[in-house]
Amino acid sequence: MKTLTEAALYVLLILCFCSHSESATALDLLHNTAVSWKGTLPCGQWDCECAFSRQRGCCCVIKQLSELEEATFIRLIGVWEGLSRLNSQIEEVTAGCQIAFTAAMLPMTACFGPFTSNVSVSYQSVSLNQGNGYNPALGTFTAPHAGLYCFTFTAYSKVGNVDRLYQKLQLMKDGQLIASSWEDNRVDSEDSSTQTVLLQLRQGSQVYVELLSGRQLCGDTQSYNTFSGYLVYPFTEE
Ligand SMILES: *[C@@H]1O[C@H](CO)[C@@H](O)[C@H](O)[C@H]1NC(C)=O
C-alpha cells in the first residue's frame, strides 16, 4: 500500500512538471496534495524540496524529464514502425489464401475418349471452389496465389468383358508432365488409381489433368473420377 501511494505521488510529481497551464486547476490540486503529503518521498536523486516547495517548472528534474520524454518518443516510433511492418507482412501472407477445390466428372455410362490428341479432362461437377481457382469448363486450375499446393486425382474406368482397360491420365503443370496413372489390362474390367503430388506454383500457373490420345475412361456412373487441390501454404513472390 505504501509503495503504491509512493508510486502515485511519483507520477503526480512528473505530471506537475510536464504539464502546462491548460489543466491548471486539476494540477494545482495535485500539487497541493503532494505538498501537504507528510510521508517520505521516493525521489531518489531528485530534489524534492525544489519540486514541491518552489514554483512549478523549476530546474529540479526538467533535464531528466525531457531526456526521458525524448527516449520514450523514439522507442514508441520504433515500436510503431515494427508493428506496421509486421502488419503488412501478415496481410501479404494471408490475403486471399483460402484456396481449395474439388471436382468430379459427370456420371457416364459410355466412354470419354479415345481422342486423337491429349485432351484435358473437364471435371464438371464442382463441389468446392474456394478462391475460384478452378475452371470447370476447361478443367484447369489457375493458382490465384503463389505457394505450395497439393493436388490429387483419381482415375477410374470400367469396361465390359469385350473391351480392355486402356487408360492413362497425366497431371500437367503449365504444359509440363508432373505425374501419371495408367492401365493397360486385359484381365481386369474395372480399376482405379489415385495420385497425389505437392507442387510449388507461381501465381497464374496452371494445373490440369489430361487423357492421353488413344485412351479412354469408361463406365464411371458414380463420378469416381475426381480432381482436387488446395493451397498448403503461400509464398511471397520476389
Ligand atoms: C501427349 O502426352 C504424351 C505423354 O506425356 C507425350 O509423349 C506426347 O508428346 C503428348 N502429345 C502431345 C501432342 O503433346
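Predicted model, so just to flag it, every value in this text is computed and none were measured. (Residues numbered from 1 in each chain as written. Predicted model: local features only at pLDDT ≥ 70, side-chain atom pairs only at ≥ 80, totals over all residues. Heavy atoms only, no water.)

(A) Representation of the state of the cysteines. Considering all chains together, one arrives at one disulfide under this definition. The residue that forms a disulfide with cysteine 111 is cysteine 218, at a sulfur-sulfur distance of 1.9 Å. Looking down the S-S bond of the cysteine 111 and cysteine 218 bridge, the torsion is 110°, so its handedness is right-handed. In this pair, cysteine 111 is assigned in strand S2 (residues 111-112) and cysteine 218 in strand S12 (residues 217-218), connecting sequence segments 107 residues apart. Given the relative accessible area of 36%, cysteine 111 is considered partly exposed. Overall, the relative accessible area of 2% leaves cysteine 218 in the buried class. (Disulfide = S-S within 2.5 Å. Helix = DSSP H or I, 4+ residues; strand = E, 2+ residues; numbered from the N terminus. Buried < 20%, exposed > 50% of the residue type's maximum accessible area, 1.4 Å probe, protein only.)

(B) Local environment of the sheet that holds strand S1 (residues 100-104). The sheet built from five strands is open, its strands ordered S4-S1-S13-S7-S10 with antiparallel pairing. The two strands at the open ends of the sheet, each matched to only one other strand, are strand S4 (125-130) and strand S10 (190-201). When strand polarity is set aside, the average angle formed by the axes of neighbouring strands in this sheet is 10°. The pairing of S1 with strand S13 (residues 226-234) spans five bridges and is antiparallel. What sits directly across from alanine 103, in S13, is phenylalanine 227. (Pairing = 2+ DSSP bridges. Axes fitted to C-alpha atoms, helices over the stretch in contact; angles between N-to-C directions.)

(C) Quick peek at the site of the ligand. Around the ligand, the neighbouring residues are Asn118, Gln170, Leu177 and Leu212. At 2.4 Å from an oxygen atom of the ligand is found a side-chain nitrogen or oxygen belonging to asparagine 118. Between the ligand and the protein, one listed contact pairs an oxygen atom with a side-chain N or O atom of glutamine 170 at 2.9 Å. Surface burial for the ligand is 35%, taken as the share of its 360 Å² of free accessible area covered by protein chains. (Near = heavy atom within 4 Å. Polar contact = N/O pair within 3.5 Å; in protein donor to acceptor, adjacent residues only side chain to side chain. Areas by Shrake-Rupley, 256 points an atom, 1.4 Å probe, with all protein chains shown as cover.)

So, to be careful, I would describe these as geometric facts and stop short of saying anything about function.
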